[in-house]
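Secondary and tertiary structure notes
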Amino acid sequence: MAVPLINIQDVRDLLDLSDNVTEQKYNQHILSAQNWQLKELIGSTCLQDLEDRKCSNTLTDADKELLTYVKPYLIYYSYSKYVYNSMMQDTNNGIVKFSGDNIIQLSETEKKHIKQYNESNAEAYKKDIIKVLEDNPDEYPCYECDDCCKKEIKGRSIFTI
C-alpha cells in the first residue's frame, strides 16, 4: 500500500483548497499523482524506498531536501487531478457541473485550462527533483537517469562506436 508523501494540509497551505474537502475524498488524488507522475519521474524503486523511510520515520537529509521539491510537485499534480474531477457530477444524462441553482455541461476547454495550469506548476519542480537524485548517488542508487548511457555512467551506449 502506498504511503502518501504529502497530506491535505500541505495542499491547503499552498493552494486555496476548501476546508470542506475531506482528506478521504482528496487522498485518492495524492496517491494518483504519486503513483503516476512521481513514479514515472524517479522510478518505482526510489519511490518505494522513499515511502518506506517516510513511514518508518527514518528520512535522511537528502530525503528531506528531495521532499522540499517533491511536496509542491505532488500538490500541484494532485490538485490538477482533483479540480479536473471536482466540478463534475455524474447524472443519468452524463457529467454536469453546477452553476448556482443551474446545472450546465462542463466544457472541455474549462477542464483542460485548470488541469494544464496546475500541471505546469508541478513541472517547474521536476528539474530540482532530478538534480537532488543525481547529486546524491550514494543515497539514491535506485535512480537511473534517462541519459546515463550518454554520460557513460552505466556503461557504453549502443549508439556509440
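Turning next to the overall build of the protein. Tallying secondary structure elements over the protein gives seven helices and three strands in all. Traced from its N-terminal end to its C-terminal end, the protein shows the element sequence α-α-α-α-β-β-β-α-α-α. Of the contacts formed within the protein by residues at least 6 apart in sequence, a portion of 66% connects residues at least 24 apart.

On to helix 2 (residues 23-42), then. At Gln34, helix 2 is deflected by roughly 30°, the largest bend along its length. Every buried residue belonging to helix 2 is among Tyr26, His29, Ile30, Leu31, Ala33, Gln34, Gln37, Leu38, Leu41 and Ile42, and all of these are buried. Positive backbone phi, approximately 95°, marks Gly43, located one or two places after helix 2.

Enumeration according to the criterion identifies one disulfide in this entry. Here Cys46 pairs with Cys142 through a disulfide, and the sulfurs are 1.9 Å apart. Sign of the S-S torsion, about 105° for the bond between Cys46 and Cys142, identifies this disulfide as right-handed. Of this pair, Cys46 sits in helix 3 (residues 44-55) while Cys142 sits in the loop between helix 6 (126-135) and helix 7 (148-151), and the two are 96 residues apart along the sequence.

Moving on, we get to the side chain of Arg53. Within the secondary structure layout, Arg53 lies in helix 3. Setting aside residues up to four positions removed in sequence, Arg53 forms contacts with Thr58, Leu59, Asp63 and Tyr140.

Here we come to the side chain of His29. Considering the arrangement of structural elements, one finds His29 in helix 2. When neighbours within four sequence positions are excluded, His29 is seen to be in contact with Ser78, Lys81, Tyr82 and Asn85.

Right, let's talk about the pattern of salt bridges for a bit. Within the structure shown, the criterion is met by six salt bridges. Where Glu123 meets Lys126, a salt bridge forms, and the shortest distance between an N and an O atom there is 3.4 Å. With relative accessibility at 31%, the residue Glu123 sits in the partly exposed group. Classification of Lys126 as partly exposed rests on a relative accessible area of 31%.

The predicted coordinates should not be examined in detail at positions where pLDDT is low. Summing up the model confidence of the protein, the mean pLDDT is 83 and the portion of residues at 70 or higher is 76%. Ranking the helices and strands of the protein by mean pLDDT puts helix 1 (residues 8-14) first, with 96, and helix 7 last, with 44.

One non-glycine residue, Asn57, lies in positive phi territory at about 60°. You can call Asn57 exposed: its relative accessible area is 70%.

Attention shifts here to the environment of Asn136. Within the secondary structure layout, Asn136 lies in the loop between helix 6 and helix 7. Spatially, the C-alpha atom of Asn136 lies 9.8 Å from that of Asp63, the residues being 73 residues apart in sequence. Filtering out sequence-adjacent residues up to four positions away, Asn136 remains in contact with Ala62 and Glu65.

In this section: the packing of aromatic side chains. For the structure shown, the criterion picks out four aromatic pairs. Ring geometry for Tyr26 against Tyr82: centres 5.4 Å apart, planes inclined by 50°, an arrangement best described as tilted. Residue Tyr26 is found in helix 2, and its partner Tyr82 is found in helix 4 (residues 61-86); the two are separated by 56 residues along the sequence. The same class applies to Tyr26 as to Tyr82, namely buried. An angle of 70° between the planes, with centres 5.2 Å apart, marks the rings of Tyr73 and Tyr77 as edge-to-face. Taken together, the residues span about one helical turn, with Tyr73 and Tyr77 both in helix 4 at a distance of four residues. Tyr77 sits in the buried class, given a relative accessible area of 7%. Grouping aromatic residues by their ring pairs yields a cluster made of Tyr26, Tyr79 and Tyr82.

Calculation notes
Residues take numbers from 1 onward in each chain, read along the sequence in its written order. Only residues with pLDDT of at least 70 get local features here, since the model is predicted, and only at 80 or more are side-chain atom pairs given and counted; chain-wide, interface and lining totals rely on the full set of residues. The side-chain numbers reported here are obtained from all heavy atoms of the structure, hydrogens and water having been left aside. Per the convention used, a helix needs a DSSP run of H or I reaching at least four residues, while a strand needs a run of E reaching at least two, with both numbered from the N terminus. By the convention used here, residues are in contact when the closest approach between their heavy atoms is within 4.5 Å. Two axes are fitted around each residue, one to the seven residues ending there and one to the seven starting there, and the angle between them is reported as the bend at that residue. Between buried and exposed lies partly exposed: a residue is buried under 20% and exposed over 50% of the maximum accessible area for its type, with that area taken using a 1.4 Å probe on protein chains only. Cysteine sulfur atoms are paired as a disulfide whenever they fall within 2.5 Å. Salt bridge, as used here: a side-chain nitrogen of Lys or Arg that lies within 4 Å of a carboxyl oxygen of Asp or Glu. Confidence scores labelled pLDDT are given residue by residue by the predictor and lie between 0 and 100. Ring geometry is summarised as follows: Phe, Tyr and Trp rings, the Trp one being its six-membered ring, pair when their centres sit within 6.5 Å, and such pairs are stacked at plane angles under 30 degrees, edge-to-face over 60 and tilted between the two.

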